[in-house]
Amino acid sequence: MRTIAIMNRVLKELIRDKRTLALMFVAPILIMLLMSVIFNTNSTTDVNVGTVAVTQKLNQEMGDIKHVAVKTYDTKAAAKRALQDEKIDAIIKKTGNTYDLTYANTDSSKTTAVKMAFKNAVTATSVDQLKSALKKSTTGMAKLQAQLMVMQKQQAASTPAATGNAAAAKQAAAAKAKSTTTATKSTSQQAPKITNHYVYGDKNTGYFAKMLPILMGFFVFFFVFLISGMALLKERTTGTLDRLLATPVKRSSIVFGYMLSYGILAVIQTVLIVLITVWLLGMEVVGNMASVVVINLILALVALAFGILLSTFANSEFQMMQFIPLVVIPQIFFSGIIPLDSMADWVKDISYIIPLKYSGDAVSDVIMRGTSIFDEGGNILVLLVFLVVLTFLNIIGLKRYRKV
Amino acid sequence: MAQAMIDLAHLAKKFGDQTVLKDINLTVNAGEIVGLIGPSGAGKSTVIKVALGMEVANGGSAKVFDTVMPDRELLGRIGYMAQTDALYDDLSGEENLKFFGLMKGIAKANMAAEIAHAAGVVDLTADLKKRVAGYSGGMKRRLSLAIALLGNPELLILDEPTVGIDPALRRQIWAELGKIRDEGRAILITTHVMDEAELTDRVALLLGGKVMAFDKPAVLKQQYGVNTIEDVFLKAEGVEQ
């Protein structure tokens, strides 16, 4: 009863605070749109390569690679000047049989792209060389075979000695084997046809697709954390919390009232974000969308409990903001946006206390693999443990302001 | 002797190393207005917080309605007005009253009548639909008082209720407080305005964490040999120093 009244009041206050409401709903959409534009166009890197004294063949091969432009320079000095002027991103110089590669290296993705392109071009040219060599050897082989045939015929004509016959048979077998290998080789010279199959998404699926499920959770966490923390802080500083606690209301009713109101808000926010990402950004949701909403709702409640708890350690709105770099930002690093596999073990262990990691894992599974929410029991259980513990701490924590 | 609504005996309270209250003896009886005066930082608000059960005393006993505080259920029978206005700015006056009415446990059927009565006392009936953010300082104070009056509580605890209120309205409020007293309810009030202290039935002078004097205003004036409560206050303070 009182819980519902508190919920109504918090919702009413929120609805009247138009700017905060806009922040909660418009800001995530805006950021997501921006990110999708930025990350998707950045997935291809255009590089300019300057070459000095490199074979025509290699130049051509490099130029044929997509997003690579080749400029030839006569001297290394000229190429270096171009590199200084940022006209090119790398120099390839051939001296004798060795290649010297110089990278501007101001953008590591460009350096990687050049390395890849160079490697591919070198492989392509050497494959061409191999091909022509192979052609030569095949014609040689044909000659050899003809000779063999002649030899065999000669041997067959002469009266066969037992030993001689055996040797001839051996030779014939060897020749046959060789001819079959050349046969297979000649078929393999035809370029193999490659068809790509994508389990999730299509060839345009980029890094953003991996970030999206986690980002979704992050926005829910960030805004609920901040706004609920601020709201309770305001109750405390304006004295309404004291006044509230001077009535027979239970401490738990206050906490649950806040949970209900922000829970409703988080559901709306999540639904909106999911719809935007599906319709506007064309995200593919393999699993059940309701599961996504449920998981984000639990995360929102964890964020709420977290926000309320930390607001008791802040004396002003500015001090509440100071928790953002301490509490919110580190969550991004361990949420799985940056692959955890590549981190050191002790760093990886930190991720176990990050709520966003669990929701990120669960939502990623649902969206990208179509996992059922019931198979995400582990992640959800951990989130619920967070929720119960934090809620309990909050109810206890309100004892600071009223002893019963 | 009338029934004691508040009974504080040998109350002591410390915050960390700082001793705020040393030995407080204070009773508020039914049908009585008790004034609590003292310089800033004397511990007036702490006395109130202990009486409400927001803080627990380190020594002595704090009883309200013969029950040892803190006790959550009892709070429904106490009307409390804090020093700060403590209102929700984004809600209208009426919504504030309704919310706190619900928190106090007033039945929905009586709510409208209760709100109308409390708003009438503080002369806010015309402004109930406006948002509190647009209220003047005095209006906020009055709304805050109206919230305390909701539900006809048997005991009113008012922390500086008349700060920023016009003289005419102040008189009106005191008339209402007098009516409440005559109904047999009790009021504990802290104030800085000394002529208001004259209007109370008994005055407790809080100084240095102790109740220096506690009696009828007239008796106190006689004791200290002065003409006003203000002089009593100044004299008592002088003795302390």
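Not measured: the values here are computed from a predicted model. (Residues numbered from 1 in each chain as written. Chains lettered and ligands numbered in written order. Predicted model: local features only at pLDDT ≥ 70, side-chain atom pairs only at ≥ 80, totals over all residues.)

## Observations concerning the overall build of chain B
For chain B, the count of helices and strands is eight helices and ten strands. Computed over the C-alpha atoms, the radius of gyration of chain B is 18 Å, within 12% of the 18 Å expected from 2.2 N^0.38 for a compact globule of 241 residues. Overall size of chain B, expressed as C-alpha extent along the three principal axes, is 50 × 35 × 35 Å. Taken across its 241 residues, chain B has 46% of its residues classed as buried. Put simply, 67% of the contacts in chain B that link residues at least 6 apart link residues at least 24 apart. (Helix = DSSP H or I, 4+ residues; strand = E, 2+ residues; numbered from the N terminus. Rg over C-alpha atoms; globule rule 2.2 N^0.38 Å. Buried ≥ 20, exposed ≤ 12 C-beta atoms within 10 Å, placed from the backbone. Contact = placed C-beta atoms within 7 Å.)

## Thoughts on the overall build of chain A
If you tally the helices and strands in chain A, you get 15 helices and four strands. Partitioning the intrachain contacts of chain A with sequence separation of at least 6 by distance along the chain shows that 74% fall at a separation of at least 24.

## Overview of helix α1 (residues 2-16) of chain A
All names here are of chain A. In this model α1 runs 21 Å from its N-terminal to its C-terminal C-alpha over 15 residues, within 8% of the 21 Å that 1.5 Å per residue would give. Buried residues of α1: R2, I6, M7, R9, V10 and L14, and no others. Projected down its long axis, α1 carries its buried residues within an arc of 165 degrees, all on one side. (Expected span 1.5 Å × (residues − 1). Arc of directions from axis to C-beta.)

## Looking at unusual backbone geometry
A cis geometry characterises the amide bond from M69 of chain B onward to P70 of chain B, with omega recorded as 5 degrees. By secondary structure assignment, the location of P70 of chain B is in the loop between β5 (67-68) and β6 (78-81). Positive phi outside glycine occurs at A53 of chain A, with the angle close to 55 degrees. Along the chain, A53 of chain A falls in the loop between β1 (47-52) and α3 (56-64). Overall, A53 of chain A belongs to the partly exposed group, with 16 C-beta atoms counted inside 10 Å.

## Description of the interface of chain B and chain A
Contacts between the two partners involve 26 residues from chain B, matched on the other side by 22 residues from chain A. With six residues, the single largest contributor to the side of chain B that touches chain A is helix α2 (residues 93-104) of chain B. Within the side of chain B that touches chain A, the residues separate by chemical class into 15 nonpolar, four polar and seven charged. (Nonpolar A, V, L, I, M, F, W, Y, C, P; charged D, E, K, R; others polar.)

## Details of the packing of α1 of chain A against helix α9 (residues 251-279) of chain A
Residues and elements named next belong to chain A. Where α1 contacts α9, the two axes come as close as 8 Å, and the packing angle between them is 45 degrees. Taken as axis vectors, α1 and α9 run oblique relative to one another. Two packed elements cross with a definite hand, and for α1 against α9 that hand is right-handed. For the pair α1 and α9, the contacting residues are R2, T3, I6, M7, V10, L11 and L14 in the first and S253, I254, F256, G257, Y258, L260, S261, I264 and L265 in the second. (Axes fitted to C-alpha atoms, helices over the stretch in contact; angles between N-to-C directions. Parallel < 35°, antiparallel > 145°, perpendicular 65-115°, else oblique. Left-handed = near helix turned anticlockwise from the far one by under 90°.)

## A word on α3 of chain A
All names here are of chain A. For α3, the set of buried residues is L58, E61 and M62. The arc that holds every buried residue of α3, seen down its axis, measures 100 degrees, which confines them to one face. Buried-residue contacts for α3 involve β1, β2 (68-73) and α5 (108-157).

## With respect to the sheet that holds β1 of chain A
Residue and element names in this part refer to chain A. Spatial ordering of the open sheet is given by β2-β1-β3-β4, a layout of four strands whose pairing is mixed. A strand with exactly one partner marks an edge of an open sheet, and here the two such strands are β2 and β4 (98-103). For this sheet, the mean inter-axis angle between neighbouring strands, taken without regard to orientation, is 25 degrees. (Pairing = 2+ DSSP bridges.)

## Section: the nonpolar core
V224 and V302 of chain A together with A51 and A146 of chain B are the most contacted members of the largest nonpolar core, which totals 142 residues. In terms of residue count, helix α7 (residues 207-238) of chain A provides more of this core than any other element does, 20 residues in total. For V224 of chain A, the contacting residues outside a window of four places in its chain are Y262, A266, A300, A303, L304 and G307 of chain A. In terms of nonpolar packing, the next biggest core, distinct from the first, is built from 20 residues, V52, V54, Y73 and A113 of chain A among them. (Core = buried A, V, L, I, M, F, W, Y, C linked by C-beta atoms within 7 Å.)

## So, the domain arrangement of chain A
As assigned here, chain A comprises domain 1 (2-40 + 206-400) and domain 2 (47-156 + 168-188). The gap between the C-alpha centroids of domain 1 of chain A and domain 2 of chain A is 55 Å. (Domains from an automatic or database assignment.)

## Regarding the packing of helix α14 (residues 355-369) of chain A against helix α15 (residues 377-397) of chain A
Residue and element names in this part refer to chain A. In the contact formed by α14 and α15, the axes pass within 9 Å of each other and the chain directions differ by 150 degrees. On the basis of their axis angle, the class for α14 and α15 is roughly antiparallel. Crossing handedness for the pair α14 and α15: left-handed. Between α14 and α15, the residues in contact are P355, Y358, S359, D361 and A362 and N379, I380, V382, L383 and F386, respectively. Here the contact of α14 with α15 is built from residues that sort into seven nonpolar, two polar and one charged.

## Brief notes about the environment of I37 of chain B
Residues and elements named next belong to chain B. Structurally, I37 can be placed in strand β3 (residues 32-37). Residue classification places I37 among the buried residues on the basis of 26 C-beta atoms within 10 Å. Between the C-alpha atoms of I37 and M139, which are 102 residues apart in sequence, the distance is 24 Å.

## A look at the pairing of strand β1 (residues 4-15) of chain B
All names here are of chain B. Bridge count between β1 and strand β2 (residues 18-29): eight bridges; the pairing is antiparallel. From the neighbouring strand, F15 faces β2, where its bridge partner is Q18. As defined by bridge partners, β1 adjoins strand β4 (residues 59-64) across five bridges and the pair is classed as antiparallel. For I6, the partnering residue across the bridge sits in β4 and is V64.

## Some words on the environment of N96 of chain B
All names here are of chain B. As for its position among the elements, N96 is in helix α2. Its 26 C-beta neighbours within 10 Å are what place N96 among the buried residues. Sequence spacing of N96 and A109 is 13 residues, and the spatial spacing of their C-alpha atoms is 17 Å. Beyond its immediate chain neighbours, meaning those up to four positions away, N96 contacts L87, Y88, L91, V132, L143 and I147.

## Here we look at the confidence of the model for chain B
Any segment with low pLDDT has predicted coordinates that should not be analysed in fine detail. Residue and element names in this part refer to chain B. Averaged over all residues, the pLDDT of chain B is 88; the fraction at 70 or higher stands at 98%. Looking over chain B, one finds the lowest element-wise mean pLDDT in helix α8 (residues 229-240), namely 79, and the highest in α2, namely 94. The ipTM, which scores confidence in the relative placement of chains, is 0.88 for this predicted complex, and the corresponding pTM is 0.76. (pLDDT = per-residue confidence, 0-100.)

## So, the environment of V49 of chain A
Residues and elements named next belong to chain A. Relative to the helices and strands, V49 resides in strand β1. Residue class for V49 comes out buried when judged on the 28 C-beta atoms lying within 10 Å of it. Along the chain, V49 and Y258 lie 209 residues apart, while their C-alpha atoms are 59 Å from each other. Setting aside its immediate chain neighbours within four residues, V49 contacts M62, V68, V70, I88, D89, A90, I92 and V114.

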